[in-house]
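Fold and contact review
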Amino acid sequence: MSGETNLTIIGNLTADPIIRYMNDTGDAVVNFTVASTPRVFDAKTKQWKDGAALFMRCTQWREAGEHVANSLSKGDRVIVVGKLSQREYTDREGVKRQVMELVADEVGTSLKYAVAKPVRSKARNSGRPNPKADNNSGATDDPWGDFQPTTDEVA
């Protein structure tokens, strides 16, 4: 959509993601904070040091939010892509407040200092049979090897 501010942030989770479920819809929403700290060169000491950290509050919804909560924890280096959003709310003391947050479209682990192996979510499989699920069927380590898109996934 035009007029939205898209943002990509790379940094480390400051705490474990916190998941909640909406009372009215049952949708999952996960909140987490990413600390992004630039490295800057100090010309006086001729050494690299940490710059001022940016702490970005992030939100991820529904199944993707559940995946974030089940996959990531404090200290993990992540890449978050989404839309910057400002919203107002009234706190418990009745004071109006504003918050900036990144509503995530995609959240992934950074492979700069770690390794990861994707595991396909069973919920995403939509009940399609997996012919390689039987250990005697010659299953491979490729989690995407048996993926056959349906017509709604191709469109």
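As the structure is a computational prediction, the values presented were derived from the model and not from experiment. (Residues numbered from 1 in each chain as written. Predicted model: local features only at pLDDT ≥ 70, side-chain atom pairs only at ≥ 80, totals over all residues. Heavy atoms only, no water.)

Some details on the environment of serine 71
- One can find serine 71 in helix α1 (residues 62-71).
- Overall, the relative accessible area of 54% leaves serine 71 in the exposed class.
- Counting along the chain gives 37 residues from serine 71 to glycine 108, while the straight-line C-alpha distance between them is 9.6 Å.
- Here the side chain of serine 71 touches histidine 67 through a polar contact of 2.7 Å, landing on its backbone oxygen. (Helix = DSSP H or I, 4+ residues; strand = E, 2+ residues; numbered from the N terminus. Buried < 20%, exposed > 50% of the residue type's maximum accessible area, 1.4 Å probe, protein only. Polar contact = N/O pair within 3.5 Å; in protein donor to acceptor, adjacent residues only side chain to side chain.)

A word on the pairing of strand β2 (residues 18-21)
- Note that β2 and strand β3 (residues 28-36) share four bridges and pair antiparallel. Across the sheet, arginine 20 pairs through a bridge with valine 29, a residue of β3.
- Counting the residues that bridge the hairpin from β2 to β3 gives six residues, and of these glycine 26 lies at a positive phi of roughly 80°. (Pairing = 2+ DSSP bridges.)

Structural notes on the pattern of salt bridges
- For the coordinates displayed, the defined rule picks out six salt bridges.
- For arginine 39, the salt bridge goes to aspartate 50, with nearest N and O atoms at 2.9 Å. One end of the pair, arginine 39, is in strand β4 (residues 39-42); the other, aspartate 50, is in strand β5 (residues 47-50), with eleven residues separating them in the sequence.
- The salt bridge partner of arginine 87 is glutamate 101, with a shortest N-O separation of 2.8 Å. Of this pair, arginine 87 sits in strand β7 (residues 77-90) while glutamate 101 sits in strand β8 (residues 96-109), placing them 14 residues apart in sequence. (Salt bridge = Lys/Arg side-chain N within 4 Å of Asp/Glu carboxyl O.)

Examining a nonpolar patch on the surface
- Taken together, the side chains of Ile10, Ile79 and Val81 make up a nonpolar region of the molecular surface, amounting to roughly 200 Å² of accessible area.
- One can find valine 81 in strand β7.
- Relative accessible area serves as the criterion here: at 33%, valine 81 is assigned to the partly exposed category. (Patch = residues over 30% accessible without salt bridge, like charges linked within 9 Å, V, L, I, M, F, W, Y side chains within 5 Å. Areas by Shrake-Rupley, 256 points an atom, 1.4 Å probe, with all protein chains shown as cover.)

Notes on the packing of aromatic side chains
- With the rule as written, the count across this model stands at one aromatic pair.
- Relative to tryptophan 48, the ring of phenylalanine 41 lies with its centre 5.4 Å away and its plane at 65°, an arrangement referred to as edge-to-face.
- For phenylalanine 41, a relative accessible area of 44% puts it in the partly exposed group.
- What makes tryptophan 48 exposed here is its relative accessible area of 54%. (Phe/Tyr/Trp six-rings, centres within 6.5 Å; stacked < 30°, edge-to-face > 60°.)

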